[in-house]
Amino acid sequence: MSARKTRLFWKALLALLVVVVAGALSVYLLLFRPVAAPRTEDLARLFNHGSIGNEEVQGLPYWIWRVLPQIFPEHVPNGKDGYGAFGMYWRTGDKVPIGFSVTTLGVIDRVSPNCAFCHQGSYRLKPDEPRVLVSAGAGTRVDPQAYIRFLIKVGADARFTADRVMREITTIYDMPLYERLLYRFVLIPATRKAFQDQARRFAWQDTRPDWGPGRIDPFNPVKFQNLELPDDGTIGNSDMMPLWNMSELAPTNIRTFSLHWDGLQTDVRETAVSGAIGDGMSSKTVLRTQENLDRMIAFTSVQRPPPSPFKSSRETDDPLRVDASAVDAGQGVYQAQCAVCHDTNGARYRSPIPIVELGTDRHRIDMWSPAAKSRYADYETGYRWGFTHFQKAEGYVAVDMAGLWLRGPYLHNGSVPTLADLLKSPEQRPKQFYRGSDLVDTVNGGFVSAERPETGGFLYDTSLPGNGNGGHLWGTDLPQAEKDNLLAYLKTL
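Everything quoted here is computed from the prediction, not taken from an experiment. (Residues numbered from 1 in each chain as written. Predicted model: local features only at pLDDT ≥ 70, side-chain atom pairs only at ≥ 80, totals over all residues. Heavy atoms only, no water.)

**Brief notes about empty space enclosed by the protein**
Worth spelling out the cut-off: Throughout, the protein atoms alone are placed on a 1 Å grid, and a set of points is a cavity if a 1.4 Å probe fits but cannot get out or a pocket if it is open with protein on both sides within 12 Å along at least five of seven lines; lining residues have an atom within 4 Å of a point. Grid points are joined across faces, edges and corners, and a volume is the space filled by probe spheres set on the points. By definition, any uninterrupted DSSP run of H or I lasting at least four residues is a helix, any uninterrupted run of E lasting at least two residues is a strand, and each is numbered from the N terminus. Three classes are used, and their members are as follows: Ala, Val, Leu, Ile, Met, Phe, Trp, Tyr, Cys and Pro are nonpolar, Asp, Glu, Lys and Arg are charged, and the others, Gly among them, are polar.
Using the criterion set out here, one finds five cavities of 30 Å³ or more in the structure. When its volume is computed, the largest cavity comes out at roughly 650 Å³. Lining the largest cavity are 37 residues, and of these H342, V399, L411, L422 and H472 sit closest to its centre. Looking at the lining of the largest cavity, the elements with two or more residues in it are helix 12 (339-342), strand 10 (395-397), helix 16 (419-422) and helix 17 (480-491). At three residues, helix 12 tops the list of elements feeding residues into the lining of the largest cavity. Considering only residue class, the lining of the largest cavity consists of 25 nonpolar, eight polar and four charged. Here the second largest cavity is characterised by a volume of approximately 80 Å³. As for the second largest cavity, its lining consists of T140, G408, P409, P417, F433, Y434, R435, G436, S437, F447, V448 and S449.

In structure tokens form, the structure reads like this:
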């Protein structure tokens, strides 16, 4: 090759390299460059809407996400309108419901779930009252599986086209030309493909009983996707736990406290980080996310449940009134029967009670396998996460009673609808009941479950694998008078 041709070759190569670099930089600046969100000193708002670093993996372009229920109402559960059908609390004026963050990558707002997606509660004391939000509470109405399946159905729908989506978006947003081009030719096709990929990743869930509102299989998705373990057929369906009083779970010089229903962790921060990883955070995003996680942990450290509305000071005919003498007597029964496990000073508090002693459904225990423990501890080769507190136990953790009136249904898998039912022998407990209501059951404790709630609800069947309502026999052999007193006291917690 002549010197002139050599020079021309290198010039062309350099020009091509410049074009490639400029193109890659343009794509990064338009679609992937993280834009810092305004800092808020409202830790509750940060918990409800803050980023956990999963936008690149879980984030949906805001305007596509915004219009999906309007384009595909037949895929929204129970014939309801909008994202409220998935049980999430949506404050008037907020851009998204509780449990979603909005983060700008490049020039595009992305919507992705955060910790509050599952850890949000609500209640009503009367049917005609508005719902009251309970931050960091147990997500008794939230239905993550229904949300996942909604997106999967949308991705499989032939009507999910750029023309259809853009037509709906432009009726509510005057989108600038550059954004229209990005949405039409890049974001909408990529989103449809992501939904179709999600269908493949979550195909395993169709071989298990449905979760239903207030429940999730939190670690099988991590096992099969993040940790790349084979489908082992296990069922991890369990109730969403509230995140209250977490500062009380800091280890002391004489004991540690177990977290999650099956005690698979003993460190609050590692629990938060591993949870964020399960929701899509990676080593690429952890540095810009760790301050948010630390502040969310700080919020859960001091957050308390609202006080129980059951009081002896109420009027005699008030359904929320509890008799003072019954409460006092019930507290004595609690100390004798329950405190050793559920009182924060109890010897067995926040430690796994062996399944052979407890007798409840064991499927969740089998879901967390030794292989998952080992693989998670060494997650993501090339980045040191520093996980040292994963463990494998053969039992379920006895948790505290704070906000017990807001924690129904009961047991780790939510298989017993009310406190009154929990004090019955397993054969006397309801075999089927409805989940999904946040109307307080003033008689039995917990939420109304005997009839389908107006939101559609979910019929829970205790005969299905993972849904068993046996075990936890403490208090079931008490005389009825003592059960009544204990129930009166438990309602006040």
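Text resumes after the structure shown.
**Focus on the pairing of strand 4 (residues 108-113)**
Convention followed: Burial here depends on accessible area, computed with a 1.4 Å probe over protein chains only, as a share of the maximum for the residue type. Under 20% is buried, over 50% is exposed, and the range in between is partly exposed. When DSSP finds two or more bridges between a pair of strands, those strands are recorded as paired.
Within strand 4, five of the six residues are buried, leaving the element largely enclosed by the surrounding structure. Relative to strand 4, strand 2 (residues 60-61) is paired through two bridges, and the arrangement is antiparallel. Within strand 4, the residue paired with P61 across the bridge is R110. Linking two consecutive strands that pair antiparallel, namely strand 3 (residues 100-105) and strand 4, is a turn of two residues; a positive phi of about 70 degrees is found at G106 within it.

**A look at the pattern of salt bridges**
Condition: Each reported salt bridge corresponds to a side-chain nitrogen of Lys or Arg within 4 Å of a carboxyl oxygen of Asp or Glu.
Per the counting criterion, the structure on display carries 28 salt bridges. Put simply, R39 and E41 hold a salt bridge, and the shortest N to O gap is 2.9 Å. Accessibility assignment for this pair places R39 and E41 in one class, exposed. For the salt bridge of E394 with R362, the shortest nitrogen-to-oxygen distance reads 3.0 Å.

**Quick word on the packing of helix 4 (residues 62-71) against helix 7 (residues 177-201)**
Under the convention used in this document: Between the N-to-C directions of two axes lies an angle of 0 to 180 degrees, each axis being a line fitted to C-alpha atoms and, for a helix, fitted only over the stretch in contact. The crossing is said to be left-handed when, going from far helix to near helix, the turn is anticlockwise and less than a right angle, and right-handed when the turn is clockwise. Any pair of residues with heavy atoms lying within 4.5 Å of one another is described as a contacting pair.
Where helix 4 meets helix 7, the closest approach of the two axes is 10 Å, and the angle between their N-to-C directions is 65 degrees. Handedness of the helix 4/helix 7 crossing: right-handed. Judged by residue contacts, Y62, W63, I64 and L68 of helix 4 engage E179, Y183, L187, I188, T191 and F195 from helix 7.

**Focus: the environment of P218**
Tracing the backbone through its elements, the reader meets P218 in the loop between strand 7 (215-216) and helix 8 (220-226). If near-sequence neighbours (up to four positions away) are discounted, P218 is found in contact with G236, S238 and R364.

**Some points on unusual backbone geometry**
Residue P409 is bonded to the preceding G408 through a cis peptide linkage, with omega at -10 degrees. Inspection of the secondary structure assignment puts P409 in the loop between strand 10 and helix 16. Here L411, not a glycine, exhibits a phi torsion of approximately 75 degrees, which is positive. Inspection of the secondary structure puts L411 in the loop between strand 10 and helix 16. By relative accessible area, L411 is classed as buried at 14%. One non-glycine residue with positive phi stands out, namely H472, at about 50 degrees. Checked against the element boundaries, H472 lands in the loop between strand 12 (458-461) and helix 17.

Bear in mind that shape data such as this cannot, by itself, settle questions of function.
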